[in-house]
Amino acid sequence: MEEQKKQIDKSTSPVDTTPKVTGIGGIFFFSDDTKETKEWYANNLGFDINEWGTVSFEYRDLNKPEEIIPLQWSPFKKGSEYFAPSKKEFMINYRVQNIEGLVNKLKENGVTILDDIATYDYGKFVHIMDAEDNKIELWEPVN
Amino acid sequence: MREWYRTHLGLNTNQYGTVFEWRQATDSSKKGFSQWSPFGEKTKYFEPSTKDFMINYRVENLVALVGALKKEGVTITDTMETYDYGKFIHIMDIEGNKIELWEPNDVEYEKLGKQLGSQTTK
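Residues numbered from 1 in each chain as written. Chains lettered and ligands numbered in written order. Predicted model: local features only at pLDDT ≥ 70, side-chain atom pairs only at ≥ 80, totals over all residues.

Visitor: Explain the sheet that holds strand β3 (residues 55-58) of chain B to me, please; I cannot follow it from the model alone.
Guide: Strands belonging to one sheet form pairs held by backbone hydrogen bonds; the direction of such a pair is parallel or antiparallel. All names here are of chain B. Taken together, the four strands give an open sheet; going across it, the order is β3-β6-β5-β4, and neighbouring strands pair in mixed fashion. Looking at the sheet topology across the chains shown, the edges are occupied by β3 and β4 (81-83). The sheet shows a mean angle of 25° between the axes of neighbouring strands, direction not considered. Bridge analysis of β3 against strand β6 (residues 98-104) gives four bridges, and the strand direction is parallel. Bridged to Arg58 within β6 is Trp102. Packed on one face of the sheet, helix α2 (residues 62-71) meets β5 (86-92) and β6 and runs near 15° to β5. (Pairing = 2+ DSSP bridges. Helix = DSSP H or I, 4+ residues; strand = E, 2+ residues; numbered from the N terminus. Axes fitted to C-alpha atoms, helices over the stretch in contact; angles between N-to-C directions. Contact = placed C-beta atoms within 7 Å.)

Below, the structure is given as structure tokens:
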């Protein structure tokens, strides 16, 4: 019983620092006309375009229900350098915990890391390539 | 692909991909789920889109939404399918992206995941 309780505590504890993905932080994709695309989604599917011209969906972490997390949705101008060196027309941002630990683990595993961890007010970011050359963005939000 | 994401990024994958589990912004007592799945390169599931990705959007009141989309002349690519875990329909956006609309029943969706013995990613 004690054993079982410990396990449960470990999996739901907010201090869990296992380096891993915990959610989706954003979906980005190429568009020929980003303005028109955003307007189409606003007009037909009710997307709220904010004052910066972007759309963010809000949700909460399963284990930290007090925090609201944004999920960024954004069409990018086709050919944007932001997705390079990936040749795909989409890029996914994954929300992670312990980004430093994760980057160390990925380096040990031989995964391609494209840049250094960049720190902003809204979190830390790094970019890597997956097994099939999709560039992905890893993001650890600020607590 | 699923194995790579499990090994390196800690996704709890099963044969379909993974399910991200979270809580709703408007009511933290309610859970929400997002499906993540790599599809085989030759899948017909994304047709008639020629893109290499497809997004599933969670919606509310799908019946009324489809009515409005039809009036607005949006291309609907199939008819609505209803399952215990929600209603689905597929449409084309303004740039030829096929998109999946899902009005979820999150309670039933969670039950289904538990029946399958699947672990979510959270």
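Visitor: Looking at this structure, how should I read the interface of chain A and chain B?
Guide: One widely used convention gives an interface's size as the accessible area the parts lose upon coming together. The partner chain B presents 28 residues to the 33 residues of chain A that form the contact. If you tally residues by element for the side of chain A that touches chain B, the top one is strand β1 (residues 20-31) of chain A, at eight residues. Of the residues belonging to the side of chain A that touches chain B, the class tally is 15 nonpolar, eight polar and 10 charged. Pairing of strand β2 (residues 55-61) of chain A with strand β1 (residues 18-24) of chain B involves three bridges; the strand directions are antiparallel. Within β1(B), the position partnered with Asp61(A) by the bridge is Trp22(B). (Nonpolar A, V, L, I, M, F, W, Y, C, P; charged D, E, K, R; others polar.)

Visitor: How should the pairing of strand β7 (residues 135-141) of chain A be read in this particular structure?
Guide: All names here are of chain A. Burial of β7 is extensive: five of the seven residues sit out of reach of the surface. Sheet analysis places strand β4 (residues 90-97) next to β7, joined by four bridges and oriented parallel. Bridging across to β7, Asn93 finds its partner in Glu137. As defined by bridge partners, strand β6 (residues 123-129) adjoins β7 across seven bridges and the pair is classed as antiparallel. Paired with Phe125 across the strands is Trp139, a residue of β7. If you look at the hairpin formed by β6 and β7, you'll find five residues sitting between the two strands, and Asp133 has a positive phi there, around 60°. (Buried ≥ 20, exposed ≤ 12 C-beta atoms within 10 Å, placed from the backbone.)

Visitor: Sorry if this is basic, but what is going on with the nonpolar core here?
Guide: Side chains of nonpolar character tend, in soluble globular proteins, to be buried together. By size, the foremost hydrophobic cluster in this structure holds 18 residues, and its most contacted members are Val21(A), Tyr94(A), Val96(A), Leu138(A) and Leu9(B). Those elements giving two or more residues to this core turn out to be β1, β4, α3 (99-108), β6 and β7 of chain A together with α1 (2-9) and β1 of chain B. Element by element, the count of residues in this core is highest for β1(B), at three residues. Apart from the residues lying within four places of it in its own chain, the contact partners of Val21(A) are Tyr94(A), Arg95(A), Val96(A), Leu9(B), Gly10(B), Leu11(B) and Thr121(B). (Core = buried A, V, L, I, M, F, W, Y, C linked by C-beta atoms within 7 Å.)

Visitor: Just checking my understanding: could you explain the sheet that holds β7(A) for this structure?
Guide: The nine strands are arranged β5(A)-β6(A)-β7(A)-β4(A)-β1(A)-β3(A)-β2(A)-β1(B)-β2(B) in an open sheet whose pairing can be described as mixed. Here the strands that pair on one side only, and so sit at the sheet edges, are β5 (118-120) of chain A together with β2 (31-36) of chain B. On average, adjacent strands in this sheet sit at an angle of 35° to one another, irrespective of strand direction.

The values reported here are purely geometric and, on their own, carry no functional implication.
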